[in-house]
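# Close look at the chain arrangement
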Amino acid sequence: MSSPLSKNIARLIRETGPMPISHFMAMALGHPKHGYYMTRDPLGAAGDFTTAPEISQMFGELIGLWIAETWIAQGSPSKIVLAELGPGRGTLMADALRALRAVPGLLPALEIHFVETSPVLAAIQKQNVPNATWHDRFDTLPEGPLYLIANEFFDALPIRQFVRTKQGWCERYVMLTEDSTEESPSFEPAIVPVPQASNDILAAGQRNAPIGSLAEVSPASAAFAEDIASRIAKHGGAALIIDYGHPKSAAGETLQALRKHEFVSVFETPGEADLTAHVDFEALAVAAKAGGAEVYGPIEQGTFLRALGIGERAERLKAKATPEQARDIDSAEHRLTSREEMGSLFKVLALTPKDAPAPAGFEV
Ligand code: SAH
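Now for a quick tour of the structure. The model shown is predicted, which means the values in this text are computed figures rather than measured ones. (Residues numbered from 1 in each chain as written. Predicted model: local features only at pLDDT ≥ 70, side-chain atom pairs only at ≥ 80, totals over all residues. Heavy atoms only, no water.)

## Details of the environment of T177
If you trace the backbone, T177 turns up in the loop between β7 (168–176) and β8 (187–195). Put simply, T177 and I13 are 164 residues apart on the chain and 11 Å apart in space, counted from C-alpha to C-alpha. Discounting residues that sit within four places of it in the chain, T177 has contacts with S186, F187 and E188. Only 2.8 Å separates the side chain of T177 from the side chain of D179, close enough to count as a polar contact. Within the local environment of T177, its side chain forms a polar contact with the side chain of S186, the two groups lying 2.5 Å apart. (Helix = DSSP H or I, 4+ residues; strand = E, 2+ residues; numbered from the N terminus. Contact = heavy atoms within 4.5 Å. Polar contact = N/O pair within 3.5 Å; in protein donor to acceptor, adjacent residues only side chain to side chain.)

Structure representation (structure tokens):
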């Protein structure tokens, strides 16, 4: 089994040697021609995975109200940048905008900006949120108070993997298997037995893991978190980062590939399966603090959505619903909040300027 992108990756490995997992992941997801996100809409029942905004309109609506509350708490600045990283189909933003339309003065104050690399998804976003401005990088967002949302964005950013050997922590690379051919390339992970001089790339909670342990680090994620934080520290605003992952940096392998809602091999069909890794929220928090922001959480998604009033919102929607719609609303609420579903695995981290009030859902 291989994929069109396998040949490009194999050629690169033959020419330049084994590649870090992060490079493989970045190519598999973002290669301009064959990258996973570049060629398809992966969301929904017919795709490879489903996300919270695609499950229910309540998710985006509650986030819209969270933005409104945070905006009011910071003195309702008259011009703000409302940005989303990796907006998928634009569903979350469309739902959020519908909810915040009721807030006096907010809609005229905001400019919508999307950071998106996929032309396929950007085209769908344009249908759902026609008046946005698109960017393929974060740094071209205009200056000003920044209200930023990232749902299931950080799990798609490349990670590096390290394995602790007797000699020290060594990086895991992608190599060609012995029976790999030009026509039908195949890959396997292997440890390059050169201990990293830069062991401090690992978090304290990872460094002392026993020999044989694997640890993941996402320098790209830390860079995003620090950049977002320093904008917010400088210009005001807030960020809401939602993803599945763990609250503390720890050793353990979480890189996974998903195709048609099933787990598949990470290395078999690069470009045709979604590759993600659990988000290390402690690493994001450390980077955001370095950027100068106040950090709240991470708290569990279920706790966050309940604090924002998902229960009341569901009741209100059900009052106008058919019995079948009412069942769908109940089941969506359950999927988003219950511990057996997304409620506990998914976490929420919020960033604000240092002197700002605690955002909704994070008050103690
Ligand atoms: N937030 C959406 C979609 C999540 S899927 C939702 O919750 O439904 C991940 C999204 O991030 C996709 O829109 C994908 O195209 C985008 N993406 C992945 N890597 C990216 C990168 N490096 N820069 C910008 N967008 C990226």
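## Side note on the nonpolar core
Ranked by size, the top nonpolar core spans 46 residues in total, and within it W66 and L240 carry the most contacts. In terms of residue count, helix α4 (residues 57–73) provides more of this core than any other element does, eight residues in total. (Core = buried A, V, L, I, M, F, W, Y, C linked by side-chain atoms within 4.5 Å. Buried < 20%, exposed > 50% of the residue type's maximum accessible area, 1.4 Å probe, protein only.)

## Details of the packing of helix α9 (residues 219–235) against helix α10 (residues 281–290)
Between α9 and α10, the least distance of the axes is 7 Å, while the angle of their chain directions is 40°. Between α9 and α10, the crossing angle belongs to the class labelled oblique. In this structure, α9 crosses over α10, and the sense of that crossing is right-handed. Mapping the contact onto sequence places S221, A222, A225, E226 and A229 in α9 and L284, A287, A288 and A290 in α10. Here the residues of the contact of α9 with α10 sort into seven nonpolar, one polar and one charged. (Axes fitted to C-alpha atoms, helices over the stretch in contact; angles between N-to-C directions. Parallel < 35°, antiparallel > 145°, perpendicular 65-115°, else oblique. Left-handed = near helix turned anticlockwise from the far one by under 90°. Nonpolar A, V, L, I, M, F, W, Y, C, P; charged D, E, K, R; others polar.)

## Points about unusual backbone geometry
Apart from glycine, the bulk of residues carry a negative phi angle, and the bulk of peptide bonds sit in the trans form. The omega torsion across G297 and P298 is 5°, close enough to zero to call that bond cis. Position of P298 among the secondary structure elements: in strand β15 (residues 294–300).

## Quick word on the site of the ligand
Near the ligand you find 17 residues, and of these T51, G86, G88, E116 and N151 are the closest. Between a nitrogen atom of the ligand and a main-chain N or O atom of G86, the distance comes to 2.7 Å. The separation between an oxygen atom of the ligand and a polar side-chain atom of E116 is 2.5 Å. For the ligand, whose accessible area on its own is 570 Å², the fraction buried by protein is 92%. Looking at the shell around the ligand residue by residue, the classes come out as eight nonpolar, six polar and three charged. (Near = heavy atom within 4 Å. Areas by Shrake-Rupley, 256 points an atom, 1.4 Å probe, with all protein chains shown as cover.)

## Comments concerning the side chain of E116
Topologically, E116 is positioned in the loop between β3 (110–115) and α7 (119–128). Although E116 lies buried, it forms no salt bridge, and the closest oppositely charged side chain, R89, sits 11 Å away as judged by the N-O distance. A polar contact of 2.9 Å, which involves the side chain of E116, links it to the backbone nitrogen of S118. The residues touching E116, leaving out its near neighbours within four places in the chain, are G86, P87, G88, L121, A122, Q125, W134, H135 and D136. (Lys, Arg positive; Asp, Glu negative; His and termini not counted. Salt bridge = Lys/Arg side-chain N within 4 Å of Asp/Glu carboxyl O.)

## A word on the pairing of β7
As a general feature of sheets, a regular strand has side chains that alternate between the two faces. Most of β7 sits inside the fold, with seven of its nine residues counted as buried. Where strand β1 (residues 19–20) lies against β7, two bridges are found, and the strand directions are antiparallel. Its bridge partner lying in β7, M19 is registered against V174. Taking the residues between adjacent antiparallel strands as the criterion, strand β6 (residues 160–165) and β7 are bridged by two residues. (Pairing = 2+ DSSP bridges.)

## Observations regarding α10
Of all the residues in α10, the buried ones are F281, L284, A285, A287 and A288. For α10, the angular spread of buried residues about the axis comes to 165°, placing them on one side. Relative to its buried face, α10 has exposed residues pointing more than 90 degrees away, namely V286, K289 and A290. Looking at the buried positions of α10, the neighbouring elements they touch are α9, β10 (237–246), β14 (279–280), β15 and β16 (346–352). One or two residues past the end of α10 sits G292, with phi positive at roughly 100°. (Arc of directions from axis to C-beta.)

## Some thoughts on the environment of A307
Looking at where A307 falls in the secondary structure, it is placed in helix α11 (residues 301–307). On the basis of relative accessible area, A307 is assigned to the exposed category, the value being 51%. A307 sits 54 residues away from G361 along the chain, and the two C-alpha atoms are 5.2 Å apart.

## Some points on the side chain of T352
Residue placement: T352 occurs in strand β16. When residues no more than four places from it in sequence are discounted, the contact partners of T352 are Q74, I232, G237, A238, A293, E294, Y296, P357 and P359.

## Quick word on the packing of helix α12 (residues 310–319) against helix α13 (residues 323–337)
Taken N-terminus to C-terminus, the directions of α12 and α13 make an angle of 165°; their axes are 9 Å apart at the nearest point. With respect to each other, α12 and α13 are oriented roughly antiparallel. As for the relative orientation of α12 and α13, their crossing is right-handed in sense. Of α13, the residues touching α12 (which contributes I310, G311, A314, L317 and K318) are A326, I329, D330, E333, L336 and T337. Its residues assigned to classes, the contact of α12 with α13 comprises six nonpolar, two polar and three charged.

## Description of the pattern of salt bridges
Tallied over the entire structure, the rule returns 14 salt bridges. One salt bridge connects D95 with R98, and the closest N-O pair in it is separated by 3.0 Å. Placement of the pair is D95 and R98 together in helix α5 (residues 91–100), with a separation of three residues, close to one helical turn. With relative accessibility at 7%, the residue D95 sits in the buried group. For E300, the salt bridge identified is with R339, shortest N-O distance 2.9 Å. Here E300 is found in strand β15, whereas its partner R339 is found in the loop between α13 and α14 (342–345), with 39 residues between them in sequence. Residue R339 is classed as exposed on the basis of its relative accessible area, which comes to 57%. Residues joined in a network through salt bridges with shared partners are E61, D95, R98 and R313.

Function cannot be read off these values alone, since they describe shape.
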